[in-house]
Amino acid sequence: MWQWLSGYDQKLKEQPILHKALYELLENAISNGVLHAGDKLPPHRKLASKLGIAVATVTKVYRQAERQGLIYAKVGRGSFVTSVPVLPQAIRAKGHQHINLSIIKPQVSITEPYLSNHLAELSHQTGLADLMDYPPEGGSLTDQQTAIEWLSHAGVVIENKAISICHGAQHGLMLLYNAVTQYGDCIAVENHCYPGIISLANQLSRQLIGIEMDLEGMIPEALEIACQHHKIKMLIVVASHQNPTTSIMSKQRRKNIAEIVKKYNIWLVDDDVYGFLSPHLPPISNYAPQQSFYLTSLSKSILPGLRVGYLVSPPSFKRRIEAEIRNSIWMPSSLTLALTTKLIYSGDAIKIQKTQSELAEQRQKMAYRILQNCEFSAHKNSYHLWLKLPNGWSSEQFSEKLKQYGVLVASADYFCVKELISLAAIRISLMAAKSNEELDFALKRIAKLYTHKR
Ligand SMILES: Cc1ncc(COP(=O)(O)O)c(C=O)c1O
């Protein structure tokens, strides 16, 4: 409990202002790994009496650390060190010597020829310089129409809604954290969720409430209990091909979750980046249109590097969201929006999306064959699968061992919402493999390690 204070006297010589010295000591201890995520800090009074300083000084230091997202306070339980942002760790470096199945992305080689054509056309277009200029706020009229055209394929309700163009779904989530919630607010999420959601909560000091899941994703009864125990401001749901578990909510489950959203007056964020893989299912936000935000991007269906996302919001949020866009990126790039318009209006985007989905289906069949003796969940055309590990393996040990065999996967720990015990599982992205041969090789390595006695 006290180890991180060992350099206190020395620190005071360098930084005589008490609260600054103590803050720097705490900050260093966290960044140097002396204090770890989840470690409990001494209570205010106890620390003040140990150092012979005023309780108010400790309070000031803890408040500042909370604002910086270094620690978080739990009523009646004390202050704890937050996890470091998990996103950069979960998504491993490219590592040329490895087969990287740790990131969910489409097969870029499918999109490449289309992109090449449209880029060539764009380069001959008159008024190209306009695309390099500051674009109009909210994108041009054409960009708005392109958004409407694309969203019509997703079947999302857009009547009486505002549409904002963002820099991909991660940016959309950040806009919503800032526009809908405030410091310390509770946000309900699936208990294993996309690491970008966790990373944002750590950085912006929002409290995540992990809701239990089954094969269909978030369990409505568990959400209802959480609503009775916490003042939940916002709920984030990935209803189709959930990341990481691949669960898909049935229509009935979507309705049930939406009913709870209405009953407890919560804002619903429908993160539908994988929705195109199950086009027969309506977006969950359609069941509570007045209380929800629909978010999607072209990252998974077309190309992650486009960084184009669409956010559909109740009109009362339009100004707040536009202000958040200006504060964060000023405005999306006109050049990529022009490219997106070409991809969508030429009909190529739909073709690419269909081909990606077909490849995912083919790769799921491969996985089903090679991993037949392993326990995993996935759907017919999911981009990824969720492999439950046999007894004796932890997620980290298994993924480290696979790394030694040349295969990178994502360990369950990165998806686990704070304070929950993580499952022994790994997420394998099938679409990230550059070829079917590469995937075949990697899956066989995984199957071999899985069946190998520990
Ligand atoms: C559920 C979910 N939401 C959002 C994102 C972020 O997508 P984008 O690349 O558009 O920022 C991801 C990326 O993996 C995701 O899985």
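For the structure itself, look to the data block above.
Residues numbered from 1 in each chain as written. Predicted model: local features only at pLDDT ≥ 70, side-chain atom pairs only at ≥ 80, totals over all residues. Heavy atoms only, no water.

Asker: Explanation requested: unusual backbone geometry in the structure shown.
Answerer: The phi torsion of most residues other than glycine is negative, and most of the peptide bonds are trans. Note that the residue after Asn-243, namely Pro-244, is joined by a cis bond; omega there is 20°. In this structure, Asn-160 is a non-glycine residue whose phi angle is positive, near 55°. Position of Asn-160 relative to the elements: it lies in the loop between helix H8 (141-154) and strand S4 (162-166). Looking at Asn-160, the relative accessible area reads 69%, which means it is exposed. Even without being a glycine, Arg-307 presents a positive backbone phi close to 55°. Relative to the helices and strands, Arg-307 resides in the loop between strand S11 (292-297) and strand S12 (309-313). Arg-307 sits in the partly exposed class, given a relative accessible area of 30%. (Helix = DSSP H or I, 4+ residues; strand = E, 2+ residues; numbered from the N terminus. Buried < 20%, exposed > 50% of the residue type's maximum accessible area, 1.4 Å probe, protein only.)

Asker: Explanation requested: helix H13 (residues 318-329) in the structure shown.
Answerer: Each α-helix winds once per 3.6 residues, and so residues spaced three or four apart point in a common direction. Between its first and last C-alpha atoms H13 spans 16 Å; for 12 residues at 1.5 Å apiece the expected length is 16 Å, and the two agree. Among all positions in H13, only Ile-321, Glu-322, Glu-324 and Ile-325 are buried. What you see down the axis of H13 is that its buried residues fit within an arc of 155°, all on one side. Away from the buried face of H13 by more than 90 degrees, exposed residues Arg-319 and Asn-327 are located. Tucked inside the fold, the buried residues of H13 contact S4, helix H9 (169-180), S11 and S12. Backbone geometry just downstream of H13 places Trp-330 in the positive-phi region, at approximately 65°. (Expected span 1.5 Å × (residues − 1). Arc of directions from axis to C-beta. Contact = heavy atoms within 4.5 Å.)

Asker: Would you explain the sheet that holds strand S17 (residues 425-429) in this entry?
Answerer: Strand pairing within a sheet occurs via backbone hydrogen bonds; the two strands may be parallel or antiparallel. Reading across from one edge, S13-S14-S17-S16 is the order of the four strands in this open sheet, with antiparallel pairing throughout. Of all the strands in the sheet, the pair left with one neighbour each is strand S13 (375-377) and strand S16 (410-411). Summarising the sheet, S13 and strand S14 (residues 384-388) pair through three bridges and their orientation is antiparallel. Paired with Phe-376 across the bridge in S14 is Leu-387. Here helix H16 (residues 395-404) sits on the sheet and contacts S14, S16 and S17; the angle it forms with S17, its principal contact strand, is near 40°. Sheet strands touched by helix H17 (residues 436-451): S13, S14 and S17. Its angle to S14, the strand with the most contacts, is close to 15°. (Pairing = 2+ DSSP bridges. Axes fitted to C-alpha atoms, helices over the stretch in contact; angles between N-to-C directions.)

Asker: Just to check I follow, could you spell out the sheet that holds strand S10 (residues 267-271) for this structure?
Answerer: The mixed open sheet is built from seven strands, whose spatial order is S4-S12-S11-S10-S9-S5-S6. The open sheet terminates on both sides in strands that have one partner only, identified here as S4 and strand S6 (207-211). Sheet twist, expressed as the mean angle between neighbouring strand axes with direction ignored, is 20°. Bridging between S10 and S11 involves four bridges; their strand directions are parallel. Note on S11: the bridge partner recorded for Leu-268 is Ser-292.

On their own, these measurements won't tell you what the molecule is for.
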